[in-house]
Every structure is written in structure tokens, then in C-alpha cells.
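# Structural features, examined
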Amino acid sequence: MQNFFSLLKREFQLFWKNKVLRILFIGAPILYGVLLGYVYGKGKVTDLPILVVDQDRSELSSKVIQMFEDNEVLSVSSILYDQNNLSKLAIQKDATCVVIIPKDFEKMTLTKKYPEITTIVNTSNVLTANYASTAIQICLGTLKAGVQIETLRKQGVPENLLASQYEPFKTTFIKKYNRSTNYMYFLWPGVLATVLQQVLLLGLALSFASEFENGTFKDLVKKCPSILKMLTVKIIPYLIMSFGIWIIYWLFTLWFRLPFYENLAPLTFIAGIFVLAASFIGILVSIVVPNQLKATEILMVIATPSFILSGFTWPLSQMPQTVQAIANVIPLTHFLRAFRILIIENGTFSQTTASIRNMIIIGLVCAIAAYIALYFKKKEALKEI
């Protein structure tokens with residue numbers, strides 16, 4: 001047991017002597033957590049600039065503009081009266097949308113000639129385009145309803161029949177889970193989990209590769225002849241440090257006032273499996289590729305696109321089968337699925353069993369492969385001793 005703790009101490013010392021690894025493993029999660037927390041802290045976009053071309057200059061067109069100004073998502077940056085230099089002005093004002101109200105809009109509306117309001121949406125940024133166009137649709141839809149009801153009222157339709165005359169049936173949309181469509185709740189946790197996986201992979205890429213390069217692997221074999229013990233000694237320090245990062249992430253949720261209170265215990269358990277699975281991938285590459293630079297390069301190829309491939313932002317079902325197969329061998333894919341079920345959707349632990357099983361399989365396969373690879377490395381080292 002004393003030998004085991006001395007080996008653990010050795011691993012922590014090796015970690016601490018590597019300045020780059022120290023900054024990467026400890027600094028990156030804190031830096032990304034704070035930086036991205038403030039980037040997405042607002043949660044949803046507001047005051048998106050739009051241009052309005054009012055060719056009618058009537059009371060009804062003024063009402064349209066007022067409705068835009070009253071909407072929290074929109075901000076009318078300029079009101080124009082013609083379409084001269086419209087594209088240039090839209091770029092200059094960074095307008096998300098341009099709304100064109102035609103000439104004789106009020107007159108044609110009142111005489112039921114069905115005028116058309118044209119909205120030009122700048123889709124160079126899909127997020128802002130969706131927010132702005134939805135807000136404009138809501139404003140114009142509300143105005144349509146108001147105009148229709150007022151027309152029916154003037155025709156003598158009784159007040160109690162106005163709503164049913166205008167709207168033959170009602171539609172109700174109920175938002176669950178992220179009701180405010182808060183971008184912070186949606187994106188921030190997924191990015192932080194990606195950062196944790198990335199620092200684990202890069203940190204453990206150096207675990208055995210550095211021993212091979214520095215010629216200290218023989219000393220390690222002398223002190224620790226057991227392969228299982230060797231693997232355990234390499235992984236435990238990262239498990240301990242990952243738990244520290246997990247606590248920091250939890251403190252961040254308090255700092256940024258995120259309502260992540262339910263199912264924290266089962267999620268912590270699943271996070272432990274996630275860390276183990278990622279650790280064994282890092283260990284395997286570190287043994288098979290006994291060069292620190294090449295090992296980190298290989299793991300960067302795995303880690304960098306993992307968030308995109310995870311299905312967290314773009315549905316996994318919409319990707320080609322080959323891409324889905326690649327995504328399913330990355331632990332992050334399954335962890336983020338479990339996170340969404342437990343924290344965002346308030347699901348139960350039993351609903352995450354598929355994700356847990358997949359991470360265990362990934363971890364076991366990599367652990368067995370690492371054990372076999374390390375067995376041959378140890379055999380080579382013993383011949384040289």
C-alpha cells in the first residue's frame with residue numbers, strides 16, 4: 001500500500017512539473033467556464049436591429065412599426081421611406097431583417113385588397129435570423145388578428161362571437177424544460193463537458209508517452225510490476241482532479257444562477273463513468289503511440305470535432321450512418337445524452353441506462369486494449385533491464 005501511494009505521489013509530481021499540462025488541465029476548464037458563462041449569460045438575444053421601409057406613411061403602418069419597437073427581440077434602427085441604397089444601409093446598420101411596407105398599405109387593407117408586407121431576412125447568422133423573423137411574424141400575426149376582429153366588429157358581429165368568427169379553432173403550444181429558450185442553459189454545459197473530455201485526453205496522452213520518451217518507463221516497471229496497478233496509478237490522479245473540476249462546474253452554476261438542482265447525484269455518477277471512458281482512450285493512445293507530440297495530435301483529432309458530432313446541437317439522426325458510427329465511439333456523445341435527460345428534461349436515472357452501457361463498453365474495450373499493449377511494452381522493458 002505504501003508503494004502504491006508513493007507511485008501516486010510520483011504521478012502528481014510528474015503532472016505538476018509539466019507547466020503546459022498544469023495550465024491546460026486546471027486553467028482551461030476554469031477559463032472556458034467563466035468566459036463562456038459571460039458570453040451566453042444573457043440567455044437569449046434581444047434588441048436585434050431591423051430596418052423598416054415605410055412607403056405608406058399611414059396610421060396603420062405606424063402601428064406596425066410601434067409593434068416592432070414594443071417587442072423585446074427587435075429594435076428598429078432606422079425608418080426609411082424608399083428602397084434606395086437598401087442593401088448598403090442594411091450592412092451598415094447590421095440589420096437582421098428589412099421589413100418593407102408597401103404604398104397604399106392601409107387603404108388596401110381596409111378595402112380587402114390583400115396587400116403584402118415583404119420581410120428580407122439576413123440568414124448569414126441562422127440564430128439571429130430565426131429569432132428576428134419569428135418576432136416579426138408574431139407582431140404581424142397579432143396585427144392581422146386585430147384588423148380582422150375590428151372589421152368584423154364594424155360589420156355588426158356580436159362581441160361574444162368575434163373570436164370564433166375570426167378563429168375557427170385554437171392552437172396551443174406548451175414549452176417544456178427550457179421554456180424561455182435560454183441559450184445559456186442549452187449550450188454552456190455541453191461545451192464545458194467537451195472541455196473536460198479534451199483536457200483528459202490531452203493530459204493522459206502524455207501519461208505513458210512521456211515515460212517512453214524520457215526513458216523512465218523502466219524505473220516505473222521496477223517500482224510497479226503489476227500492469228493493472230500501473231494503469232490504476234496513472235488514472236487515479238486524473239479522476240481526483242476531474243472531481244475537483246466537476247465541483248468547480250457546480251459552483252459556476254451557482255454563480256451564473258442556472259437552475260440545475262435536480263438529479264445531480266446520478267449525473268455525478270454518470271460523469272465518473274464518462275471520465276473513466278475518456279481516460280482509457282487517452283491511456284490507450286499514450287501506450288500505442290509512444291511519442292508525446294503524435295499522441296496529442298491523434299487525440300486532438302478525436303477531441304476537436306466531438307461536440308459537433310455528439311448530436312447535442314445538430315440531431316445525430318440527421319447525420320450519415322458513418323458519421324453516427326464515429327460519434328457513438330466517443331464518450332461525450334453518450335454523456336451529453338444522459339445530461340440532457342437528467343438535467344434539462346428532468347428524466348429518471350433508468351432512462352440513461354443506454355448511455356451508461358455505451359460508455360462502459362467504450363471504457364472496457366479501451367482498457368483491455370491498453371492492458372494488452374502495456375503487457376508487450378513491459379515485456380520489452382524487462383528484456384532491456
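Every value quoted in this text rests on a predicted model; they were computed, and no experiment measured them. (Residues numbered from 1 in each chain as written. Predicted model: local features only at pLDDT ≥ 70, side-chain atom pairs only at ≥ 80, totals over all residues. Heavy atoms only, no water.)

### Considering the overall build of the protein
Note the following rule: Helix and strand assignments come from DSSP, with helices taken as H or I runs of at least 4 residues and strands as E runs of at least 2, each series counted from the N terminus. Throughout, radius of gyration means the C-alpha value; the globule benchmark is 2.2 Å times the number of residues raised to the power 0.38. A 1.4 Å probe rolled over the protein chains alone gives each residue an accessible area, and that area as a share of the maximum for its type sets the label: buried under 20%, exposed over 50%, partly exposed in between. Residues are treated as being in contact if the distance between any of their heavy atoms lies within 4.5 Å. Only the protein chains shown count as cover for residues, and the accessible areas themselves come from Shrake-Rupley with a 1.4 Å probe. We count Lys and Arg on the positive side and Asp and Glu on the negative side, and we leave His and both chain ends out. Taken as the charge centre is NZ of Lys, CZ of Arg, CG of Asp or CD of Glu, depending on the residue.
Broken down by element type, the protein carries 17 helices and four strands. Rg of the C-alpha trace for the protein: 29 Å, well past the compact-globule value of 21 Å for 385 residues, more than 25% over. The buried share among the 385 residues of the protein stands at 44%. Long-range pairs, those at least 24 residues apart, make up 77% of the contacts in the protein with a sequence separation of at least 6. Of the roughly 21400 Å² of accessible surface on the protein, 61% is carried by carbon and sulfur atoms. Computing the positive centroid from 36 side-chain charges and the negative centroid from 24, the protein places the two 13 Å apart.

### Description of helix H8 (residues 183-205)
Stated precisely, the cut-off is as follows: Given the number of residues in a helix, its expected span is that number minus one, multiplied by 1.5 Å.
Over its 23 residues, H8 extends 33 Å from the first C-alpha to the last, a length consistent with the 33 Å expected when each residue adds 1.5 Å. Most of H8 sits inside the fold, with 19 of its 23 residues counted as buried.

### Examining the packing of helix H2 (residues 19-39) against H8
For clarity, the threshold we go by: The angle between two axes is taken between their N-to-C directions and runs from 0 to 180 degrees, where each axis is a line fitted to C-alpha atoms and a helix contributes only its stretch in contact. Angles below 35 degrees are treated as roughly parallel, those above 145 as roughly antiparallel, those between 65 and 115 as roughly perpendicular, and all remaining angles as oblique. Gly is put with the polar residues, along with every residue not named as nonpolar or charged; the nonpolar set is Ala, Val, Leu, Ile, Met, Phe, Trp, Tyr, Cys and Pro, and the charged set is Asp, Glu, Lys and Arg.
The N-to-C vectors of H2 and H8 enclose an angle of 175°; their axes lie 10 Å apart at closest approach. Taken as axis vectors, H2 and H8 run roughly antiparallel relative to one another. The segment H2 lies against H8, with Leu21, Leu24, Phe25, Ala28, Pro29, Tyr32, Gly33, Leu36 and Gly37 engaging Met184, Trp188, Val191, Leu192, Val195, Val199, Leu200, Leu202 and Gly203. Partitioned by chemical class, the residues of the contact of H2 with H8 number 15 nonpolar, three polar and no charged.

Spatial relationships are all this shows, so hold off on functional conclusions.
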